[in-house]
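Results of the structural survey
Okay, here's what each chain looks like letter by letter:
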Amino acid sequence: MPSPARAWLFGRPRSVRRAALALVAGVTSALAMTATASGTPANAVGHAPSAASPVGSTATYTERYRPQYHFTPAQNWMNDPNGLVYYQGWYHLFFQYNPSGNTWGNISWGHAISRDLVHWKQLPVAIPADANELVFSGSAVIDYQNTTGFGTRAHPAMVAIYTSARPDGTQQQAIAYSLDNGRTFTKYGVVLPTPNPQDPNSQPSNNFRDPKVFWYGPRHEWIMAAVWSDQHKVAFYSSPNLKKWTLVSTFGPAGAIGGVWECPDLFALPDPTRPGRQKWVLVVNLNPGGVAGGSGAQYFTGRFDGTTFVSDDKPYTPPAGSSLGSFDNGTFDGWTTAGTAFGDGPTTGNAPGQGGVSGYVGNGLANSFNNPAFDGGTGTLTSPNFTIDKAYLNFLVGGGNHPYIPGSKVGDNSPPGTVFADFEGSTWGNGWTATGDLAGAGPVAGTIGDQQQVTGYEGNKLVNTFLNHDTTQGAITSPTFTISSDFIDLLVGGGDHPWGAANPTAVNLVVNGQVVATATGQNAEFLNWVSWDVRKYAGQKATIQIVDENSGGWGHILADQITFSPVTAAPRAVDTSVRLVVAGQVVRTATGSNSETLDWVHFNVADLQGKTARLELVDNNTGGWGHLLADQFSLSDTAALSGVERAHWIDYGADDYAAVTYNNVPDGRRIMIGWMNNWNYAGDIPTSPWRSAMTVPRELSLRSVGGSLRLFQWPVHELQELHSRPVLGIRNFRIRAGATRLPAVGKALEVDATLAPGSARRYGLEVRVGNGQRTVIGYDRSAGQLYIRRTNSGDVTFDPSFSLVQQAPLSAPGGVVRLHIMVDWSSVEVFAQGGRLLMTDQIFPSPSSAGLAAFAAGGSAKLVSLIVRRMHSAWQQ
């Protein structure tokens, strides 16, 4: 999978993608100059250790938050695991790596090896970026049959198949080979270009990446699974020699489609329902749109015959109900329009100038792209009044992700008052001062370079710190003024990095040296009104600071039109939303997911039964993804399930992405490793000098659950090498209401627990307890959900989404829950019910927060059994 490299790389923070553009061109140019100066041939890669390699590293592996039994590079940025292959007694772990820094960039293949999947040795960079490409994700195979001719049958080549991200924005599949067990690679070149638009079996896509390759014995050929990521498709190719590839089929869209698809994997596991036979598993990672928000990994079980994968999942049939509008007869079914956005009637798929609309049912849908301005219109589509007489309102929705904001208004919301700063000049303004990269800069006229279109500012210019491909940092400060108005209203946009968190992008009001009011963006290039009530500071001296201390994803701030006003400014309405209106009030709302594929949504309206209501489809947006798709509104006794709710998830936690498996593991074991991070905040986690870890390796199997095959996962047995003797063993311990500290401490633990409910509604364990910190792992008996709450787990300030609670449906007969918990210095991994469910979360507690507790809420519970072991450090052994 890649990462955030160019506008064509969907699924990443926009500003991170922009920064990657400069890296592709600038960094590769520097690499080319270095190669020329040294006389190194262009295709000779795999270098001697550099200052960024482990040999030159000063890492102690005892740094704050450093995992003790998860792989991390000694220093610098890491993301996806790549090229997982076992050969001659060694497990090879290649990975997306920046040899030059602790943020995404210069993407190359790092390399580590292990005899046991526990103790890792990091080697020099295996496949570096060069003047022609960044080296994105892929896989590695051992060419035992010497189909490539790179080696011999006696001494086969290790062949890496990866995505070559080119400076022109294309993504192509390339290979490189090694004759020295992966220490050095020779680049062969591109073997599979961007899908040809003239090929009737393919669709053009610059989001074509992440090849997973394996040998398919029955046909004596290589199989590749790669993604057309923005089309939610896995494309399967075959080859006799890893050099010439033929497209044989595609799979998708299916399952969860709320983000781009990435990092596929395809493998067979023993079928427990048919001894001696196999079932195939297709893994598809996606970002955003994961079950816990942001990045996630889903899977499908099915059949594969060497050309085509057929999922076991049946086509989804939504529950029956009484129709409120299906838009299938060429009209809006009595709904009324205002404005131009929805046109004169439903579309039968794409509107003029639009592409890729899918997932609707029947002949037509409501589509606000349907106007002469090609997504530039605004308007509403309103249903007749109806009486809510069932518990659920079901419908399909797609298009832009622009939620309804309560209190927002259409039109010019500019407040009255005195404009303190409009940033219309060539400098920041009289009396304003600047520091860092912003010194000598000034306001800009809207969008900078390849930044997504900036909208919502007033006049011709604004403050926009996207300068230098979003790497600019610094601050600008206003002259001192006396607060004499009731409110200070201002337009703010850009990155969502609040003041007080690491690396903020914020606008601050400073009184007596203290920040007394602050605002940040919403990870959007649209500016909207923010209002500060400053009445209690009347008569005091103040300054306004505009701060950019972030060069990662969405690492910029937008600001304009600072106004001293007698009123609070209402936010502008820029939503693309479905609104349920009762008694003139919006009581439920939904929006799309920046996708042209519609998915099912339901409103629980049981509490509104008997009320008169209407539906409003609203498009108030003319920017990127500024349209709404909707279809098949009905009232029903049963909720329609979204793709996220129907999908089978590898992990229900927030931090397990790009999960893929090893080729060639002895004894036929199927072992998976994921990147323990999430693109929502990957560049902001508070670790140094490294950033990101891998999950523990885990062995996969299939078991029958409720008549369907489901994936089970368990930590590899080799991790037991790090066990201490049990430090705590408990049986049949009554947990009183509240939290009870247990006599065990440790920053790295393995915990095996069985809990039963008693009278409690919720019960579980708390890990890394102390200093007011705790990570809660609990079971909600009434909801049938396992959850991890990291709200008070330690440092949660670096991103607003980090402190959210992760939840997972878990059947527990009698309320009995079996948990196997792996705790490390900055993570928890929870394997529930023997591996039926997995939840992985990063945490960043104080080093002294090392306690363990049991808790119960709404009554008492029982700790049927508990065994706690400390985990020794894999780095210190």
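Since we're looking at a predicted model, the values are computed, not measured.

**Some remarks on the overall build of the chain**
Each helix and strand counted, the chain has three helices and 58 strands in total. In the chain, buried positions account for 60% of the 877 residues. When contacts within the chain are restricted to residue pairs at least 6 apart in sequence, long-range pairs at least 24 apart make up 70% of them. Surface accessibility of the chain: about 31500 Å² in total, with carbon and sulfur atoms responsible for 50%. Put simply, the chain has 60 plus and 64 minus side-chain charges, and the middle of one group is 10 Å from the middle of the other.

**As for the environment of Asp312**
For Asp312, the position within the fold is in the loop between strand S17 (309-311) and strand S18 (322-325). Remark: the alpha-carbon pair of Asp312 and Asn460, spanning 148 residues in sequence, is separated by 56 Å. Excluding residues within four positions of it along the chain, Asp312 makes contact with Lys279, Thr301 and Gly302. Side-chain polar atoms of Asp312 contact the side chain of Lys279, separated by 3.2 Å.

**Some words on the environment of Pro319**
In this structure, Pro319 sits in the loop between S17 and S18. Taking the C-alpha atoms as reference points, Pro319 and His556, separated by 237 residues in sequence, lie 45 Å from one another. If we skip the residues at most four places from it in the chain, Pro319 touches Asn394, Ser636, Thr638, Ala639 and Ala640.

**Description of the packing of aromatic side chains**
Taken as a whole and assessed by the stated rule, the structure comprises 46 aromatic pairs. Ring geometry for Tyr87 and Tyr144: centres 6.2 Å apart, planes at 65 degrees, overall edge-to-face. Taken together, the residues span a long stretch of sequence, with Tyr87 in strand S2 (residues 76-87) and Tyr144 in the loop between strand S6 (134-142) and strand S7 (158-165) at a distance of 57 residues. For the ring pair Phe423 and Trp432, a centre distance of 5.3 Å and an interplane angle of 70 degrees mean the geometry is edge-to-face. Note on Phe423: relative accessible area 3%, which makes it buried. Within the aromatic cluster, the residues linked to one another by ring pairs are Tyr61, Phe71, Phe95, Tyr97, Trp120 and Trp875. Cation over ring: Arg646 sits above Tyr316, and NZ or CZ is 4.3 Å from the ring centre. Here the guanidinium or amino end of Arg790 rests over the ring plane of Phe802, the centre of that ring lying 3.7 Å away.

**Overview of the pairing of strand S27 (residues 474-477)**
Along S27, one buried face is formed by Gly474 and Ile476 and the opposite face, lined by Ala475 and Thr477, is buried too. Pairing of S27 with strand S33 (residues 541-548) involves four bridges; the strand directions are antiparallel. What sits directly across from Ala475, in S33, is Val547.

**Considerations on the pattern of salt bridges**
Evaluated as defined, the whole model comprises 22 salt bridges. The salt bridge involving Asp265 is made with Lys212; its shortest N-O contact spans 2.6 Å. Here the residue Asp265 occupies a position in strand S14 (residues 260-270), and Lys212 occupies one in strand S10 (residues 208-216), the gap between them amounting to 53 residues. We classify Asp265 as buried; its relative accessible area is 0%. With a relative accessible area of 5%, Lys212 lands in the buried category. Two residues, Arg579 and Asp575, come together in a salt bridge whose shortest N-O distance is 2.8 Å.

**Details of the pairing of strand S31 (residues 514-520)**
Bridge analysis of strand S30 (residues 505-511) against S31 gives six bridges, and the strand direction is antiparallel. Bridged to Leu509 within S31 is Ala517. The antiparallel hairpin formed by S30 and S31 contains two residues in its connecting segment, where Asn512 sits at a positive phi of about 55 degrees.

**A few points about the sheet that holds strand S13 (residues 246-251)**
Read across the open sheet, the four strands follow the order S10-S11-S12-S13; overall the sheet is antiparallel. Strands with a single pairing partner mark the edges of an open sheet, and in this sheet they are S10 and S13. Here the strands of the sheet are splayed against their neighbours by 25 degrees on average, with no regard to which way each runs. Here strand S11 (residues 221-228) runs beside strand S12 (residues 233-239); their pairing, made up of seven bridges, is antiparallel.

**Let's talk about the confidence of the model for the chain**
For the chain, per-residue confidence averages 91 on the pLDDT scale, and residues scoring 70 or more make up 92% of the total. Note on residues 1-44: pLDDT under 50 across the span, and 124 contacts to partners over four residues away in sequence or across chains.

**As for unusual backbone geometry**
In this structure, the amide linkage connecting Gly252 to the following residue, Pro253, adopts the cis form with an omega of -5 degrees. Here the bond from Ser688 into Pro689 is cis, since omega is 10 degrees, no more than 30 degrees from zero. Tracing the sequence through the fold places Pro689 in the loop between strand S42 (671-676) and strand S43 (690-691). Phi angles above zero are rare outside glycine, and Phe327 is one such case at about 60 degrees. The topology assignment puts Phe327 in the loop between S18 and strand S19 (336-339). On the basis of relative accessible area, Phe327 is assigned to the buried category, the value being 1%. Positive phi is not limited to glycine here, since Asp470 has a value of about 70 degrees. For Asp470, the position within the fold is in helix H2 (residues 467-470).

**Description of the sheet that holds strand S52 (residues 785-789)**
The strand order across the open sheet formed by six strands is S48-S57-S50-S51-S52-S53, and the pairing between neighbours is antiparallel. Looking at which strands have only one partner, the edges of the open sheet turn out to be strand S48 (738-745) and strand S53 (806-809). Each strand of the sheet is rotated relative to its neighbour by a mean of 15 degrees, with strand direction disregarded. Pairing between S52 and S53: four bridges, direction antiparallel. The residue of S53 that forms the bridge with Gln785 is Pro809.

**Brief notes about the side chain of Asn106**
Here Asn106 lies in the loop between strand S3 (90-97) and strand S4 (108-114). The class of Asn106 is buried, set by a relative accessible area of 10%. At 2.8 Å, the side chain of Asn106 and the side chain of Asn98 are in polar contact.

**A word on the environment of Val118**
Within the fold, Val118 resides in the loop between S4 and strand S5 (120-127). A relative accessible area of 3% means that Val118 is categorised as buried. Along the sequence, Val118 and Gln720 sit 602 residues apart, while their C-alpha atoms lie 9.4 Å from each other. In this view, Val118 contacts Glu718, Leu719, Leu722 and Ala874; residues no more than four positions away in its chain are not counted.

Parameters and conventions
Residues numbered from 1 in each chain as written. Predicted model: local features only at pLDDT ≥ 70, side-chain atom pairs only at ≥ 80, totals over all residues. Heavy atoms only, no water. Helix = DSSP H or I, 4+ residues; strand = E, 2+ residues; numbered from the N terminus. Buried < 20%, exposed > 50% of the residue type's maximum accessible area, 1.4 Å probe, protein only. Contact = heavy atoms within 4.5 Å. Areas by Shrake-Rupley, 256 points an atom, 1.4 Å probe, with all protein chains shown as cover. Lys, Arg positive; Asp, Glu negative; His and termini not counted. Charge placed at Lys NZ, Arg CZ, Asp CG, Glu CD. Polar contact = N/O pair within 3.5 Å; in protein donor to acceptor, adjacent residues only side chain to side chain. Phe/Tyr/Trp six-rings, centres within 6.5 Å; stacked < 30°, edge-to-face > 60°. Lys NZ or Arg CZ within 6 Å of the ring centre and 35° of its normal. Pairing = 2+ DSSP bridges. Salt bridge = Lys/Arg side-chain N within 4 Å of Asp/Glu carboxyl O. Axes fitted to C-alpha atoms, helices over the stretch in contact; angles between N-to-C directions. pLDDT = per-residue confidence, 0-100.

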